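Topology and contacts: notes
So the chains spell out like this:
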Amino acid sequence: MNRLFRLGPVLRARKAQEDAARGAVLQSRQEILHAQALVKRRQLDLAGADAPNEGTARAMVASMVARQSMAATLSGAHRMVADAEELTREKQAELADAAKRRRAVESMAERHAELVRAHDLRTEQNNLDEMAVTAKARNAARGIDGSSEQRSNALRHGKGSALDRENAARKTANSVAAQRAVVNLGDARQVIDASRSLLSLAAKHGAGPAELDDEGITDEVTGSRA
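Fair warning: this is a prediction, and the values are worked out from it, not measured in the lab. (Residues numbered from 1 in each chain as written. Predicted model: local features only at pLDDT ≥ 70, side-chain atom pairs only at ≥ 80, totals over all residues. Heavy atoms only, no water.)

A word on the overall build of the protein chain
Each helix and strand counted, the protein chain has 7 helices and 0 strands in total. Listed N to C, the secondary structure of the protein chain is α-α-α-α-α-α-α in terms of helices and strands. Within the protein chain, counting contacts between residues at least 6 apart in sequence, those at least 24 apart form 66% of the total. For the protein chain, the accessible surface area stands at approximately 16700 Å², while carbon and sulfur atoms represent 55% of it. (Helix = DSSP H or I, 4+ residues; strand = E, 2+ residues; numbered from the N terminus. Contact = heavy atoms within 4.5 Å. Areas by Shrake-Rupley, 256 points an atom, 1.4 Å probe, with all protein chains shown as cover.)

This is the structure we're talking about:
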């Protein structure tokens, strides 16, 4: 995605046009003030030049001509005010149009900036997801549980918590014990009792265990125990 707004020069030009239009409006307003000040001066001049009521006819005519000239100048000043006001309205319209065109390009610049931010967020999220998947695959290859970050076989790898190692050792011991042959303690007890009985009979008859065996007494004793 192009991070640079291609209409940036256009936006700068629109802002410059708006600034120029704003300056023209300010200048036209100053012209209005100057024209209004001229009107006030001409009104004062006209009010100070009273019509002559005496003197020669030539002097009276000259005074009347001067007053007419002042009146024409005052009328011209009024027209200057009207023209300045009309020019100001035109400049204000140009300023509004320039501001509208500037806002149109500026809106496009804002949308472009929003797209760039969204693209950056998506790129960052994709990078984070890729890092998480890579870390999970690496942990799986090393035999580490991704949720607890511990070895899956604590006894083999010698890591994990102490409780995990103890549980693993207990399971191993139980498995080894289950594979051993089971010794019947009851049968061993019977053999010991039979031997004792045989020795007791031998003592009573004054014979050895071999002689009792020949007479069948041993089978009798063991058979009674069974």
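Next comes the rest of the description.
With respect to the nonpolar core
With 7 residues, the main nonpolar core is built from A35, L38, V39, L46, L74, A77 and V81. For this core, the elements supplying multiple residues, two or more each, are α1 (8-48) and α2 (57-142). If one sorts the elements of this core by residue count, α1 sits on top with 4 residues. Not counting residues within four places of it along the chain, the set of residues in contact with V81 comprises A35, Q36 and V39. (Core = buried A, V, L, I, M, F, W, Y, C linked by side-chain atoms within 4.5 Å. Buried < 20%, exposed > 50% of the residue type's maximum accessible area, 1.4 Å probe, protein only.)

A look at the pattern of salt bridges
For the coordinates displayed, the defined rule picks out 9 salt bridges. With a shortest N-O distance of 2.7 Å, R102 and E18 are connected by a salt bridge. Of the two residues, R102 is situated in helix α2 and E18 in helix α1; the sequence distance between them amounts to 84 residues. Of the two residues, R102 and E18, neither departs from the other in class, the shared state being buried. Residue E106 is joined to R102 by a salt bridge in which the shortest nitrogen-to-oxygen separation is 2.7 Å. Of this pair, E106 and R102 both sit in helix α2, separated by 4 residues, roughly a single helical turn. On the basis of relative accessibility, which here comes to 16%, the residue R102 falls in the buried class. What emerges from the salt-bridge pattern is a single network uniting E18, D19, R22, R102 and E106. (Salt bridge = Lys/Arg side-chain N within 4 Å of Asp/Glu carboxyl O.)

Focus: the environment of R102
Once the C-alpha coordinates of R102 and L11 are considered, the two residues, 91 residues apart in sequence, prove to be 6.4 Å apart. Among residues more than four places away in sequence, those in contact with R102 are L11, R14, K15 and E18. For R102, the side chain forms a polar contact with the side chain of E18, separated by 2.7 Å. (Polar contact = N/O pair within 3.5 Å; in protein donor to acceptor, adjacent residues only side chain to side chain.)

Observations regarding the confidence of the model for the protein chain
Detailed conclusions should not be drawn from predicted coordinates in areas where pLDDT is low. On average, the protein chain scores 75 in pLDDT, and the residues at 70 or more come to 61%. Looking across the protein chain, the model is least confident in helix α3 (residues 154-157), with a mean pLDDT of 46, and most confident in α1, with 88. Ignoring residues within four places in sequence, the model shows residues 151-158, a span with pLDDT below 50, making 13 contacts including any to other chains. (pLDDT = per-residue confidence, 0-100.)

Considering a nonpolar patch on the surface
On the surface, L7, V10 and M108 cluster together into a nonpolar patch covering about 190 Å² of accessible area. When you line up the elements, L7 lands in the segment before α1. (Patch = residues over 30% accessible without salt bridge, like charges linked within 9 Å, V, L, I, M, F, W, Y side chains within 5 Å.)

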